[in-house]
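Results of the structural survey
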Amino acid sequence: MKKYDVIIIGGGSAGLAAALEINKHRKSKILILERDAELGGILLQCIHNGFGLKVFKEELTGPEYAERFINELHEKGIEYKLNSMVIKLHPNKTVEYANVDEGFITIGAKAVILTMGCYERSAGAIGLPGNRPSGVMTAGAAQKYLNIDGYLVGKNIFILGSGDIGLIMARRMVLEGANVLGVAEILPFSSGLKRNIVQCLEDYDIPLYLSHTVTEIIGKNKIEKIKLSKVDNFIPIPGTEIEFEVDTLLLSVGLIPENGLSEVCGIKIDPRTKGPIVNESYQTNIDGIFACGNVLHVHDLVDFVTEESRKAGLAVSKYLDKQLAETKNMIELIPGEGVAYIVPQHVNIDNITDKVEFFLRVKKEYKDVNFVVRSGENIIKTNKKRHLAPAEMEQIKLKLIDLENIKDIKTIVIEVTK
Ligand SMILES: Cc1cc2nc3c(=O)[nH]c(=O)nc-3n(C[C@H](O)[C@H](O)[C@H](O)COP(=O)(O)OP(=O)(O)OC[C@H]3O[C@@H](n4cnc5c(N)ncnc54)[C@H](O)[C@@H]3O)c2cc1C
């Protein structure tokens, strides 16, 4: 069996950034396994700009952003295999994959990094009522058809869900000559970034129906109409139906981290993020298996994915050099009032050199509140926030010294207070 220092599953922005970071710190035998025909992941179909403002201080398109990492990967001679689907991961870090040239192969590694990204929620996943004609698809699928394969999937389009992919596709479809009749969101607020609401809907006069959902799909072979209803606390209100004649309904109703491989391997999944539970080094409950990027939790900005994956890459190089402290002195992070999740979920204080950074999302919109970080009654930090929304990922940094000052610290709660 062929052996590597590190096997990286998924060649999107997370996998590429983690591989390059390991290579920066130590000479290692790294292999990236990518099931698609090219490296770059979801970025390849995101031909709009808005990528890289933080990492490159430039506004790039998705493919341009990916290209910078792919070029560097080639320069450093890091090995990768395309069209290679990982089928099984074992807790002893043996990986089974298959491709047309080699067939079914088993390889092993000292460390594995999970960077498989996420998938889109489908009509079945949200229990969409009505017929199942053609013309109903996820916004990401329509984006791939249009931007990679060159097919416009419809002319009269309605979008269910105000996630970022749907907002970006609303604008994209208009630019290609389609008629976008509206975007409906079941929540009373958008689940996409504010900048996308302005730049993709308001600038193109596309109506956003908040607190509305699709209550019927009409059409036998091909979708013909949809019925939209106002909702009260997720329940459709009778008599509020509006009909739209459409040939396409795009769904932008959420992303789910792709963790089939992780679950079968025995990696513990956080029900809040749907991604692995990790510590400050992005290590899962299985020794030597790490996770970063959208497989860990859904990110809205690729720059956060890159930063996180660089940290995971650095931790993996320390792990290979046996410089990571054992899993003791663990502090558990607990989402308090108003906080939906926190990543990482555990922190080993012995592995923090200077500061530790947490990513979190809130459950609903807030104005003029505080993020309070506390351990029991001890307030560690308070951050004032003028506006918080579930669509915007938040970051909180804690200094090692602040944690060391609290005796026998076992838990940290982060909560939203007035
Ligand atoms: C439509 C859309 C618009 C966006 N717009 C912006 C924007 O304007 N600005 C911004 O900063 N960010 C944006 N983002 C966010 C950002 O692009 C992503 O968060 C980031 O690229 C995710 O990187 P990743 O490597 O974690 O996942 P991915 O890019 O999804 O990569 C995962 C890779 O793993 C591979 N894989 C999965 N399973 C296996 C397996 N079993 N075997 C082998 N390979 C496997 C997949 O094929 C894929 O290539 C957008 C995202 C989307 C979806």
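Residues numbered from 1 in each chain as written. Predicted model: local features only at pLDDT ≥ 70, side-chain atom pairs only at ≥ 80, totals over all residues. Heavy atoms only, no water.

1. Some remarks on the nonpolar core
How we decide: Buried Ala, Val, Leu, Ile, Met, Phe, Trp, Tyr and Cys residues that are joined via side-chain atoms within 4.5 Å together make up what is termed a nonpolar core. Burial classes: relative accessible area under 20% of the type maximum marks a residue as buried, over 50% as exposed, and values in between as partly exposed (1.4 Å probe, protein chains only). Throughout, the edges of the domains are those of an automatic or database domain assignment.
Counting 63 residues, the largest nonpolar core has Ile113 and Leu114 as the members making the most contacts within it. Composition of this core by domain shows at least three residues from each of domain 1 (1-120 + 254-324) and domain 3 (328-418). Listed in part, the 26 residues of the second largest apolar core include Val347, Val356, Tyr366 and Ile412.

2. Observations concerning the sheet that holds strand β24 (residues 355-362)
To keep it simple, the criterion reads: At least two DSSP bridges between two strands are required for those strands to pair. Working definition: helices are DSSP H or I runs of at least four residues, strands are E runs of at least two. Numbering for both runs from the N terminus. Each axis is a line fitted through C-alpha atoms, and for a helix only the stretch in contact is used; angles between axes span 0 to 180 degrees, taken between their N-to-C directions.
Pairing in this open sheet of three strands is antiparallel, and the strands run β22-β24-β27 from one edge to the other. The two strands at the open ends of the sheet, each matched to only one other strand, are β22 (339-343) and β27 (394-399). Averaged over all pairs of adjacent strands, the angle between strand axes in this sheet comes to 30 degrees, irrespective of strand direction. Sheet topology note: the β24/β27 ladder contains six bridges and is antiparallel.

3. Some words on the pairing of strand β7 (residues 94-99)
Taking burial as the measure, the six residues of β7 include five buried ones, the bulk of the element. Relative to β7, strand β6 (residues 85-89) runs antiparallel, the two being bridged by four bridges. Considered in β7, the bridge of valine 86 is made with tyrosine 97. Between β7 and strand β8 (residues 103-114), which pair antiparallel in sequence order, lie three residues.

4. Describing the pattern of salt bridges
Threshold: In what follows, salt bridge is the name for a side-chain nitrogen of Lys or Arg lying within 4 Å of a carboxyl oxygen of Asp or Glu.
Applying the stated criterion across every chain yields a total of 17 salt bridges. Glutamate 102 is the salt-bridge partner of lysine 81, the closest N and O atoms lying 3.3 Å from each other. Remark: glutamate 102 occurs in the loop between β7 and β8 and lysine 81 occurs in strand β5 (residues 79-81); sequence separation between them is 21 residues. Since its relative accessible area comes to 17%, lysine 81 is described here as buried. Two residues, arginine 361 and aspartate 300, come together in a salt bridge whose shortest N-O distance is 3.0 Å. A residue pair is termed long-range when its members are at least 10 positions apart, and arginine 361 in strand β24 and aspartate 300 in the loop between β20 (289-291) and α7 (302-320) qualify at 61 residues.

5. Here we look at the sheet that holds strand β25 (residues 366-375)
Ordered by their spatial adjacency, five strands build an open sheet running β23-β21-β28-β25-β26, and the pairing between neighbours is mixed. The open sheet has two edge strands with one neighbour each: β23 (346-348) and β26 (378-388). Within the sheet, the average angular offset between the axes of one strand and its neighbour, ignoring direction, is 20 degrees. Taken together, the four bridges between strand β21 (residues 330-335) and strand β28 (residues 411-417) define a ladder with parallel strand orientation. The partner of glutamate 332 across the bridge, within β28, is threonine 411.

6. Re the site of the ligand
Heads up, the rule is: For this purpose, a residue is taken to be near a molecule or strand whenever a single non-hydrogen atom of the residue falls within 4 Å of it. Charged means Asp, Glu, Lys or Arg here, nonpolar means Ala, Val, Leu, Ile, Met, Phe, Trp, Tyr, Cys or Pro, and polar covers whatever is left, Gly included.
The local shell around the ligand holds 33 residues, among which Ala14, Glu34, Ile42, Asn294 and Val302 are the closest. For the shell around the ligand, the elements supplying multiple residues, two or more each, are α1 (13-25), β3 (49-51), β6, α4 (164-175) and α7. Considered class by class, the residues forming the shell around the ligand number 16 nonpolar, 13 polar and four charged. When we break the shell around the ligand down by domain, the ones giving at least three residues each are domain 1 (1-120 + 254-324) and domain 2 (122-252).

7. Comments concerning the packing of aromatic side chains
Rules: Two rings from Phe, Tyr or Trp (for Trp, the six-membered ring) form a pair when their centres sit within 6.5 Å of each other. Planes less than 30 degrees apart are called stacked, planes more than 60 degrees apart edge-to-face, and all others tilted.
The final tally for this structure, using the stated rule, is eight aromatic pairs. A centroid spacing of 5.3 Å and a plane angle of 80 degrees characterise the contact between phenylalanine 56 and tyrosine 65, whose relative ring orientation is edge-to-face. Plain terms: the ring middles of phenylalanine 304 and phenylalanine 359 are 5.8 Å apart, the flat faces sit at 65 degrees to each other, and that makes the pair edge-to-face. Here phenylalanine 304 is found in helix α7, whereas its partner phenylalanine 359 is found in strand β24, with 55 residues between them in sequence.

8. Description of the state of the cysteines
Just so we agree on the cut-off: Here, two cysteine sulfur atoms that lie within 2.5 Å of each other are counted as a disulfide.
Across all of its chains, the model carries zero disulfides by this definition. Considering cysteine sulfurs only, cysteine 118 is the nearest to cysteine 46, which forms no disulfide, with 11 Å between them. Here cysteine 46 falls in the buried class, since its relative accessible area comes to 9%. There is no disulfide at cysteine 292, and the cysteine sulfur nearest it, in cysteine 118, is 13 Å away. Here cysteine 292 falls in the buried class, since its relative accessible area comes to 0%.

9. Quick notes on the environment of tyrosine 282
What counts here: Contacts are assigned to residue pairs with any non-hydrogen atoms lying within 4.5 Å of each other.
Considering the arrangement of structural elements, one finds tyrosine 282 in the loop between α6 (260-265) and β20. Given the relative accessible area of 1%, tyrosine 282 is considered buried. Counting along the chain gives 65 residues from tyrosine 282 to valine 347, while the straight-line C-alpha distance between them is 9.7 Å. Beyond its immediate stretch of four places on either side in the chain, tyrosine 282 contacts Ile289, Phe290, Ala291, Leu296, Glu308, Lys311, Ala312, Pro344 and Phe359.

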